[in-house]
Amino acid sequence: MPSPATGGDGAGLAEPLLANGDGGAAGQAFCSGGKDKWQWVPADEGEEEQGRPLLYRTFKVRGIFIHPYRLINLARLILVIQFFIWRIRHKDSDNMTLWWITVVGDFWFAVSWLLNQASKLNPIRRVPNLELLNQRFDPQAADDGDQLPGVDVFINTVDPVDEPVLCTMNSVLSILATDYPVDKHATYFSDDGGSLVHYEALQETAKFAAVWAPFCRKHRVEPRAPESYFEVKPEEEAPYAGDAAAEFVGDRRHVRREYEEFKEQLAALFTIIPQRSETYGRDVVAAKGATPTYMADGTHWPGTWLEPAENHKKGQHAAIVQVMLNHPGDEPQLGAPASSESPLDLSAVDVRLPMLVYIAREKKPGYDHQKKAGAMNVQLRVSALLSNAPFIINFDGDHYINNSSAFRAAMCFMLDDRHGEDTAFVQFPQRFDDVDPTDRYCNHNRVFFDATALGLNGIQGPSYVGTGCMFRRAALYGADPPCWQPPDGRSKAVMDSPWKQFGNSMPFINSVPLATQPVTPPASTLDERLAAELADVSTCAYEDGTEWGYGVGWVYNIATEDVVTGFRIHRKGWRSMYCAMEPDAFRGTAPINLTERLHQILRWSGGSLDMFFSRNCPLLAGRRLHPMQRVVYTNMTMYPVSAAFIFVYDLLPLMWLSGAEFYIQKPYTTYVAYLFAGIAMMEVSGMVEIKWAGLTLLDWCRNEQFYMIGATGVYPAAVLHSLLRLVGLKGLPFKLTSKPQSVSGGAPRERFAEMYEVKWSPLLVPTVVVMIVNVAAVGAAIGRAAAGGWSFVQLVGAAGGLLFNAWVLLLLYPFALGIMGRWSKRPYVLFVVLVVVLAAIASAYLVLLAVFAPRSVSPVWMERWSVVRAIVSPANWRI
Ligand SMILES: O=c1ccn([C@@H]2O[C@H](COP(=O)(O)OP(=O)(O)O[C@H]3O[C@H](CO)[C@@H](O)[C@H](O)[C@H]3O)[C@@H](O)[C@H]2O)c(=O)[nH]1
Ligand SMILES: [Mn+2]
């Protein structure tokens, strides 16, 4: 395959991109603990005195926040215990079955609250010191010992339409242009769709990168994903950071034009490829009854045919591994001066591009390809044979690098003298671009990424969340961390019977011990033998009978590979680090359509339960797992179970409809008082959490709301899924998350158009039922109260119950908006409908009472009723 030009030649230049690589922002963040982070105080002063260079600094929450926070939670714990003692002593209810259900339910809530809270009692922030890193790993002064280590970058995609190809290629561009030594990182693009569109788009991208990457380096622009870069309004732009200010405007205009052209080329691929195939394939079609897909040079594309044919269809084709950009060599290359062809003066810019490899692993019918985990394990082996960097960072196709210092930031943790060696991965938060300003579907997950993750950071480290995470290769291979290695220094786990563990490729096995070495070996040159080996490690059969997917690589047989893979590493005793930077390290796109979002939560919660009922159950882990970390993982895997109880509780209001007096627990007022106190304390604790984590009230409400929305429909489905699996069935099918199409290069669409789309799915039904039940309960209670004949105590009881209903409805509010579709642009419609429906139910209920239980209705109403009845009674109808 012809490989696109890598740019001009030239010689000898210190990499300009390194000179001042980290930029000022991160430096400031280091001093103060970040913008607006007055809640945090340094926690590592002692360590500084020991004279070690601290590549990152540690901060803990200021006492004025954390002490009250812990105190409230202690008080709540006492209250909860007291509550149960009280309940057990007062076994008094109108229905003992319900009493038992609620005791068990309340107990489960208390436990899950405790598990959840436990993870957040010691939050820690860590801020990388990029300046120090750059000093220590200064390329000018460097001899071999002091170079930044290599990083292999994995990026995954499946479908050029569902995951718009322009978005994916933007991510690739942001990686190719990132601020890390060009010869020290290599990108492995996994195309699980085996699509020629991806392949040719990647070729175009490599060509465009020859302009884009040098432009970014020359002017030090951010972010380095062109779509996002050109979207920034001039007034929001960061101050110019390069050293050719005079040329900036002209260069930018030129690159922008090239980018527009590049976009058109990508969009055209969808028509060019079918057209080309038709032209080439005219005679073949009749003979084979299918249209092969042709590459530009007239050969068949093995990935897929336009019409499927044996061994050439989606899901059935040989492996394709293609080096698109070769390893650039370690000598910098200056670009060409401005010319009539290219007005961009690159004579002082290193124009090399990092290595870029296209992979479509073999697909065969009948094989379980293990989705993303399977794809990444192939990337792991292919990269081992080509560049074998000791570090790996992985991205979903829709996540791009938003802050070019991110790789260096991760290195601050990996290379630090304190815990660096025992750190298996550095997780960055997931941030999203396309979410609506109110974050209706809680896509930002702020409570998790700004509070929980910091809590985990204070224990053994954050869990792995699937993207934007830098790994130590050895940890993925199943090695032990140095702190748990036997004194002879060699990790037994890795080298006992390597075939059984790693499969039959000798070159791969030989690469394993090298992966732990700090200095990357030069990338292998691609000869025939290597090409054959690459194809071999990308076959389906390669992993048969090995440890891949169990003890080695990303974990298999689970709806989500992320948390469980992180867990498998933690249980070996490794730690992980959390790194939230400003500006955000990476950004991606989130599903902003309700149904997509629910399917995503379903996959996550289903995966969690899968994990609990697997060999990776947190309760089964050995002593290397920190006790608190075990608690955290137990919570992370068991949380969907609560839904079973929540669902019952949400339906309890049905009892209002019976009209009779009914108490789950007597004395009822004490019961209610306990519940209110418990809930109130939880809310107060939440408010303190908002303060130390720097969240907004809205972030926090969204979190509560989405928990409830999940708990009514999705989590019960997840429980069902794991029950199905427990009895040996397949469980629920999980689908790829579709990404918003607005960036796919077509006509500009309305902003957040996706949010207003309603796609019905069985998953929506239970939540709708819960909503109806609660609305009906409120209506009925109003009718009942209006009918009169309730004592004061009964009224108070009813008011408490109504408050519960109203609370449930408030929590389900985003869901209600979601199923309103475009109407939700005018939320007041919802309230009008609500009032009308309530009035209707209340009157209907009143009528029912008047007909069936006239004695429970006050005489005033009965009088009116007799008038109405007189009118509607058929006996009085005269024709
Ligand atoms: O057969 C497959 C299926 C998916 N993917 C890739 O996996 C990534 C994530 O899949 P997606 O359907 O987009 O899931 P999301 O819900 O967007 O992803 C979240 O949830 C996943 C776990 O379920 C994590 O792996 C992700 O990192 C996290 O962002 C995407 O890049 C896909 O291209 C593959 O490579 N092969
Ligand atoms: Mn995604």
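Residues numbered from 1 in each chain as written. Chains lettered and ligands numbered in written order. Predicted model: local features only at pLDDT ≥ 70, side-chain atom pairs only at ≥ 80, totals over all residues.

Caption draft 1: Summary view of helix H19 (residues 562–570). Burial analysis of H19 places nine of its nine residues in the buried class, which makes it a mostly covered element. Among the residues making up H19, those that are buried are Asp562, Val563, Val564, Thr565, Gly566, Phe567, Arg568, Ile569 and His570. On the buried face of H19, the contacting elements are strand S10 (423–427), helix H14 (473–476), strand S12 (575–578), helix H20 (594–612) and helix H21 (627–638). (Buried ≥ 20, exposed ≤ 12 C-beta atoms within 10 Å, placed from the backbone. Helix = DSSP H or I, 4+ residues; strand = E, 2+ residues; numbered from the N terminus. Contact = placed C-beta atoms within 7 Å.)

Caption draft 2: Seen up close, the site of ligand 1. Around ligand 1 sit 20 residues, and of these Asn156, Lys371, Lys372, Asp396 and Gly466 come closest. Taken together, the residues of the shell around ligand 1 sort by class into four nonpolar, nine polar and seven charged. (Near = placed C-beta within 6 Å. Nonpolar A, V, L, I, M, F, W, Y, C, P; charged D, E, K, R; others polar.)

Caption draft 3: Structural detail: the UniProt feature "binding site: UDP-alpha-D-glucose" (unreviewed entry) in the chain. When the UniProt feature table is mapped onto this chain numbering, "binding site: UDP-alpha-D-glucose" (unreviewed entry) sits at Glu163, Asp192 and Lys371. Here glutamate 163 shows up in the loop between strand S4 (151–157) and helix H6 (165–176). The class for glutamate 163 is buried, based on 23 C-beta atoms found within 10 Å. Its 24 C-beta neighbours within 10 Å are what place aspartate 192 among the buried residues. Among all residues touching aspartate 192, those that are not within four sequence positions of it are Asn156, Val158 and Ala375. (UniProt positions renumbered as here; feature names shortened; annotations may be inferred.)

Caption draft 4: Highlighting the pairing of strand S2 (residues 56–61). S2 sits mainly inside the fold: five of its six residues count as buried. The pairing of S2 with strand S3 (residues 124–128) spans five bridges and is classified as antiparallel. If you follow arginine 57 over to S3, its bridge partner there is valine 127. (Pairing = 2+ DSSP bridges.)

Caption draft 5: Here's a closer look at the UniProt feature "binding site: Mn(2+)" (unreviewed entry) in the chain. Per the UniProt record, the feature "binding site: Mn(2+)" (unreviewed entry) sits at Lys372 and Asp396. A compact arrangement is adopted by the annotated residues: their sequence extent is 25 residues, whereas the largest C-alpha distance between any two is 9.2 Å. Along the chain, lysine 372 falls in helix H11 (residues 371–386). We classify lysine 372 as buried; it has 23 C-beta atoms within 10 Å. Sequence-distant contacts of lysine 372, that is, excluding residues within four places in its chain, are made with Asn156 and Glu561. Among all residues touching aspartate 396, those that are not within four sequence positions of it are Asn156, Gly466, Thr467 and Gly588.

Caption draft 6: Quick look at the domain arrangement of the chain. Domain boundaries in the chain define domain 1 (34–143 + 153–236 + 244–335 + 345–753) and domain 2 (758–852). A separation of 39 Å is found between the C-alpha centroids of domain 1 and domain 2. Elements represented by at least two residues in the side of domain 1 that touches domain 2 include exactly H20, helix H22 (642–651), helix H23 (654–658), helix H24 (668–693) and helix H25 (697–726). Considering every element that reaches the side of domain 1 that touches domain 2, the biggest residue donor is H25, with nine residues. Here the side of domain 1 that touches domain 2 is built from residues that sort into 16 nonpolar, seven polar and four charged. (Domains from an automatic or database assignment.)

Caption draft 7: Structural context of helix H3 (residues 63–89). Taking 1.5 Å per residue as the helical rise, H3 with its 27 residues ought to reach 39 Å, and the 39 Å between its terminal C-alpha atoms agrees with that figure. Those residues of H3 that fall on the buried side of the exposure criterion are Tyr69, Asn73, Arg76, Val80, Phe83 and Arg87. (Expected span 1.5 Å × (residues − 1).)

Caption draft 8: Quick peek at the nonpolar core. Within the largest apolar cluster, 177 residues are counted, with the highest numbers of intra-cluster contacts made by Ala209, Trp212, Val357, Val382, Ala410 and Cys579. Residues from two domains meet in this core; each of domain 1 (34–143 + 153–236 + 244–335 + 345–753) and domain 2 (758–852) gives at least three. Those residues in contact with cysteine 579 that sit more than four places away from it in its chain are Arg126, Pro128, Ala409, Ala410, Phe413, Val426 and Phe428. Counting 14 residues, the second-largest nonpolar core is a separate cluster that includes Ala787, Ile841, Leu846 and Val857. (Core = buried A, V, L, I, M, F, W, Y, C linked by C-beta atoms within 7 Å.)

Caption draft 9: Spatial organisation of the environment of alanine 410. Position of alanine 410 among the secondary structure elements: in helix H12 (residues 406–414). Sequence-wise, alanine 410 and tyrosine 756 are 346 residues apart; in three dimensions their C-alpha atoms are separated by 38 Å. Beyond its immediate stretch of four places on either side in the chain, alanine 410 contacts Val426, Met470 and Cys579.

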